[in-house]
Amino acid sequence: MKTIIGLDELRASRLSLAGTVGLVPTMGYLHKGHLSLIRLAKSECDNVIVSIFVNPTQFGANEDLSKYPRDLERDLSLIEPLGVDLVWTPTAEIMYPTGYQTWVEVDAITRPLEGSMRPTHFKGVTTVVAKLFNAVQPHKAYFGQKDAQQAAVIRQMVRDLNFPIDVIVCPIVREADGLAMSSRNKYLEGADRKAATVLFHALSAAKVLYESGERNAEALRGKMKEVLESEPRATVQYVSCADYDSLEELDVVKGKALLSMAVVLGKTRLIDNFVLN
Ligand code: AMP
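The residue count restarts for each chain, going from 1 along the sequence in the order it is written. Since the coordinates come from a predicted model, pLDDT governs what is reported: local features require at least 70, and pairs of side-chain atoms require 80 or more to be given and counted, while whole-chain, interface and lining totals use all residues. In computing side-chain values, all of the structure's heavy atoms are included and hydrogens and water are not.

## Topic: the sheet that holds strand 2 (residues 21–26)
In step 1: On the basis of which strands lie adjacent, the open sheet formed by six strands has the order 1-4-3-2-5-6 and parallel pairing. Only two strands of the sheet have a single partner each, and these edge strands are strand 1 (2–4) and strand 6 (166–170). Taking each pair of neighbouring strands and ignoring which way they run, the sheet shows an average axis angle of 25 degrees.
In step 2: Paired strands, as defined in this entry, are two strands with at least two bridges between them according to DSSP. Strands here are runs of E lasting at least two residues and helices are runs of H or I lasting at least four, both read from the DSSP assignment and numbered beginning at the N terminus. Two strands pair when backbone bridges link them, and strand 5 (residues 140–144) and strand 6 are joined in this way by five bridges, in the parallel orientation. Note on strand 6: the bridge partner recorded for glycine 144 is cysteine 170.
In step 3: Taken strand by strand, helix 3 (residues 72–79) contacts strand 1, strand 3 (47–52) and strand 4 (86–88), and its axis lies near 165 degrees from that of strand 3. Lines fitted to the C-alpha atoms define the axes, with helices restricted to the stretch that makes contact. Angles between their N-to-C directions range from 0 to 180 degrees. Contacts are assigned to residue pairs that have any heavy atoms within 4.5 Å of one another.

Printed below as a string of structure tokens:
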């Protein structure tokens, strides 16, 4: 497994790879969710490249960029046994050199949900992912359903900018008690960690209601809110029952839909979602 920092070296190594290339973009501090993406990439592509880059432009001014957990040595030891060919760990100076001024922005689909809480977030995400795609030129790129809106935004960008790349979205990997794995779970301590299962319980309760025949989206949102509000430690930022592709809020669930939420517990912001088919 080769670890590369520089762009020229990345390009040279990429050129030497024969066959298909799968890219797994990450911000490091890897967990089993990331590893599931890498395993799927490995099973579908001749070569796998993992990028590790804590992208400063997707963090808002008051967010946790400086505190975002980092442990490259541990990350490399987790990736190595999976047969990854190349790990690219560019620096912020490589991705955004002095004088940098080009941005990729996706419109309507970035506005609701995460976009409503983090107005500059997706501009950073789409810009860095476009740069990763240009540098690596993968055939397939792997993202997690955990960040459902991010996956939808990337799909939209790939369609709109004609990237010849298959976007593969992988299921959410969860802890035994239902909490969706996330690098930020490290911040959850004691009672907050226990309380964090409330997201899974709220989504599960809405799903039970849906499976019993409820198709009124407001009733599903209401059920999620009710369960979340039963946890005194949780502050709800949003609950949503939206169209799976457009992410527009629904009145009635007809086709594929996304139940999603953002909740703050202590100092930790958590997101989670279920897909209704
Ligand atoms: P991050 O390092 O948080 O930027 O995540 C890198 C990729 O891993 C993104 O595509 C995430 O959606 C995905 N991911 C994060 N957590 C999970 C999880 N619990 N299950 C599946 N994929 C995940």
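## Some points on the nonpolar core
In step 1: Trp88, Val129, Phe133, Ile154 and Met157 are the most contacted members of the largest nonpolar core, which has 40 residues in total.
In step 2: Ranked by the residues each element gives to this core, the list is headed by helix 6 (residues 121–136), at nine residues.
In step 3: The contact partners of isoleucine 154, leaving out residues within four places of it in the chain, are Val125, Val129, Phe133, Phe143 and Val167.
In step 4: The criterion is simple. A nonpolar core is a set of buried Ala, Val, Leu, Ile, Met, Phe, Trp, Tyr and Cys residues joined through side-chain atoms within 4.5 Å. Buried, partly exposed and exposed residues are distinguished by accessible area as a fraction of the type maximum, computed with a 1.4 Å probe on protein chains only: under 20%, between the cut-offs, and over 50%, respectively. Residues Leu188, Ala196, Val227 and Ala234 belong to the second largest nonpolar core, which totals 28 residues.

## Topic: the domain arrangement of the chain
In step 1: Examined at the domain level, the chain breaks down into domain 1 (2–170) and domain 2 (183–276).
In step 2: Throughout the structure description, domain borders are defined by an automatic or database domain assignment. The straight-line distance from the C-alpha centre of domain 1 to that of domain 2 is 26 Å.
In step 3: Facing the 22 residues of domain 1 at the interface are 19 residues of domain 2.
In step 4: Both sides of the domain 1 and domain 2 interface together cover about 1,800 Å² of buried area, and 52% of this is carbon and sulfur.
In step 5: Among the residues domain 1 hides against domain 2, the three largest losses belong to Leu113, Glu114 and Met117. Together they make up 29% of the total.
In step 6: Note on definitions: salt bridges are taken to be side-chain nitrogens of Lys or Arg within 4 Å of carboxyl oxygens of Asp or Glu. The tally of links from domain 1 across to domain 2 stands at two salt bridges.
In step 7: With a shortest N-O distance of 2.9 Å, aspartate 64 and arginine 184 are connected by a salt bridge.
In step 8: Distance and chemistry together define a polar contact, namely a pair of N or O atoms within 3.5 Å, with one atom able to donate a hydrogen and the other to accept it when in protein, and with adjacent residues in sequence counting only for side-chain atoms on both sides. Our enumeration of links across domain 1 and domain 2 arrives at nine residue pairs in polar contact (both at pLDDT 80 or more).
In step 9: Elements represented by at least two residues in the side of domain 1 that touches domain 2 include exactly helix 5 (114–117) and helix 7 (148–160).
In step 10: Residues are grouped as follows: Ala, Val, Leu, Ile, Met, Phe, Trp, Tyr, Cys and Pro are nonpolar; Asp, Glu, Lys and Arg are charged; every other residue, Gly included, is polar. Here the residues of the side of domain 1 that touches domain 2 sort into ten nonpolar, five polar and seven charged. The term buried area means the drop in 1.4 Å probe accessible area that two parts suffer when joined, counted for both and summed.

## Structural notes on the packing of helix 9 (residues 198–211) against helix 10 (residues 217–229)
In step 1: Between helix 9 and helix 10, whose axes approach to 8 Å, the crossing angle comes to 150 degrees. Relative to helix 10, the crossing made by helix 9 is right-handed. Packed against helix 9, whose contacting residues are Val198, Leu199, His201, Ala202, Leu203, Ala205, Ala206, Leu209 and Tyr210, the element helix 10 presents Ala219, Leu220, Lys223, Met224, Val227 and Leu228 at the interface.
In step 2: Here the residues of the contact of helix 9 with helix 10 are counted per class, giving 13 nonpolar, one polar and one charged. For any pair of crossing helices, the crossing counts as left-handed if the nearer helix is rotated counterclockwise from the farther one by less than a right angle, and right-handed if it is rotated clockwise.

## Here's the deal with the sheet that holds strand 8 (residues 257–265)
In step 1: What the three strands build is an open sheet, ordered 7-8-9; its pairing is antiparallel. Of all strands in the sheet, those with a lone pairing partner are strand 7 (234–243) and strand 9 (268–276), marking the two edges. On average, adjacent strands in this sheet sit at an angle of 15 degrees to one another, irrespective of strand direction.
In step 2: For strand 8 and strand 9, the ladder comprises nine bridges, and the chain directions are antiparallel. Considered in strand 9, the bridge of valine 263 is made with leucine 270.
In step 3: Packed onto the sheet, helix 10 meets strand 7, strand 8 and strand 9 and runs at close to 160 degrees relative to strand 7.

## Let's talk about the environment of alanine 195
In step 1: Checked against the element boundaries, alanine 195 lands in helix 8 (residues 190–195).
In step 2: A relative accessible area of 5% places alanine 195 in the buried class.
In step 3: Placed 39 residues apart in sequence, alanine 195 and alanine 234 show a C-alpha to C-alpha distance of 7.5 Å.
In step 4: When near neighbours in sequence (up to four residues on either side) are disregarded, alanine 195 contacts Glu231, Arg233 and Leu265.

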